[in-house]
Amino acid sequence: MTEPVRIGDHAFANLRYIRDAMERATAFTSIPGVGGIIIGVSAIVTAVVAQPLRGDRWLAAWLIDAMFAAVVAFILMSRKASRAGVTLRSPAARRFFVSYFAPIAAAALMTIAVVRAGDHALLPALWLLSYGASFIASGAFSIRVVPLMGICFMMLGIASLFIPFGNILLAAGFGGLHIVFGFIIARNYGG
C-alpha cells in the first residue's frame, strides 16, 4: 500500500508551478532610462564629430559610439536589475535579450556586407531599421514604451532610405529618441 501524498508536498508543488508561471509571464523591466539619456548624448556628440568624416572614418566614429553605448547599457542595466533584486539571467531577461540581439546580429553582419560593397550611405537605414526591429521584438517581453521606441526608430530608418541626411537621422534616432525615451523610462519605470 502506498502512503498518501502529504498536503505540504502537494502545496509546494503548486507553489513552484505558480512561481514558474509568474516568472515566465513577467516583463523585463531593467531597461535603464538614465542609460538611454547618456547613450543619446553620446550619439549626438558622435554625430557632430562624424559629420565632416567620410567612409571608414565616419564608420569608425559610429562603431566606437556603439561600443560605448553597449558598455553603458550593460553597466546600468545590471545596476537597475540588482537594485530590483532580479538577475539578468531570469527567463524574462533571456527572452528579452534573445529577441533584442537577433536583429542586432543581423545588422552587424549586413554592415560588413554593405561596407565591403562600399555603400556607406545605406548604413543609417540599416542600423535604424534593425535597431527599431530589435526593440519591437524585445518589447513583447518588456515595458510598454519599448515597442513604441522601436517604431520611432524604424520610421527614422525608412526616412533615411529616401533622404540623404543619414548622419542627422542617426543623431535624431540614437541621440534624440534615446534621450526622450530615456526620460520617459527613468520617470515612469524607476531609473
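Residues numbered from 1 in each chain as written. Predicted model: local features only at pLDDT ≥ 70, side-chain atom pairs only at ≥ 80, totals over all residues. Heavy atoms only, no water.

Can you tell me about the overall build of the protein chain, naming the residues and giving the values?
From N to C terminus, the protein chain includes 7 helices and 0 strands. Going residue by residue from the N terminus, the α and β elements of the protein chain occur as α-α-α-α-α-α-α. The burial tally for the protein chain puts 40% of its 191 residues in the buried class. Long-range contacts, defined as pairs at least 24 residues apart, comprise 74% of the intrachain contacts of the protein chain with a sequence gap of at least 6. (Helix = DSSP H or I, 4+ residues; strand = E, 2+ residues; numbered from the N terminus. Buried < 20%, exposed > 50% of the residue type's maximum accessible area, 1.4 Å probe, protein only. Contact = heavy atoms within 4.5 Å.)

Tell me about the nonpolar core, and name the residues and values.
Membership of the largest hydrophobic core comes to 35 residues, with the highest contact counts inside it found for W58, W62, W127 and F174. Among the elements that make up this core, the one with the highest residue count is helix α7 (residues 166–189) (7 residues). Ignoring sequence-local partners within four residues, the contact set of F174 consists of I39, G40, A43, W127, L128, Y131 and F153. (Core = buried A, V, L, I, M, F, W, Y, C linked by side-chain atoms within 4.5 Å.)

Lay out the environment of V34 with the relevant residues and their values.
Residue position: V34 is located in helix α2 (residues 33–50). Considering only alpha carbons, one finds V34 and F183, 149 residues apart in sequence, at a separation of 7.1 Å. The contacts of V34, once residues within four sequence positions are left out, are L76, G182, A186 and G191.

An account of the packing of helix α6 (residues 145–162) against α7 is requested, with residue identities and associated values reported.
Between α6 and α7, the least distance of the axes is 10 Å, while the angle of their chain directions is 170 degrees. Taken together, the axis directions place α6 and α7 in an arrangement best described as roughly antiparallel. When α6 is examined against α7, the residues V145, L148, M149, C152, F153, L156, A159 and S160 are found in contact with a partner set consisting of L169, A172, G173, F174, L177, H178, F181, I184, I185 and Y189. By residue class, the composition of the contact of α6 with α7 is 15 nonpolar, 3 polar and no charged. (Axes fitted to C-alpha atoms, helices over the stretch in contact; angles between N-to-C directions. Parallel < 35°, antiparallel > 145°, perpendicular 65-115°, else oblique. Nonpolar A, V, L, I, M, F, W, Y, C, P; charged D, E, K, R; others polar.)

Can you break down α6 residue by residue, with the values?
The first and last C-alpha atoms of α6 sit 27 Å apart over 18 residues, in line with the 26 Å expected at 1.5 Å per residue. Among all positions of α6, only V145, V146, M149, G150, F153, L156, G157 and S160 are buried. Viewed along the axis of α6, the buried residues span an arc of 145 degrees, placing them on a single side of the element. Turned more than 90 degrees from where α6 packs its buried face, M155 and F162 sit exposed. (Expected span 1.5 Å × (residues − 1). Arc of directions from axis to C-beta.)

Provide a residue-level description of the packing of aromatic side chains, including the pertinent values.
Under the defined criterion, the tally for this structure stands at 12 aromatic pairs. Measuring from centroid to centroid gives 6.1 Å for F97 and F101, while their planes differ by 25 degrees, and the two rings are stacked. Here F101 and F97 lie together in helix α4 (residues 91–117), a separation of 4 residues that amounts to about one turn. Take F101: its relative accessible area is 45%, and that puts it in the partly exposed class. (Phe/Tyr/Trp six-rings, centres within 6.5 Å; stacked < 30°, edge-to-face > 60°.)

Functional significance is not addressed by these values, which are geometric in nature.
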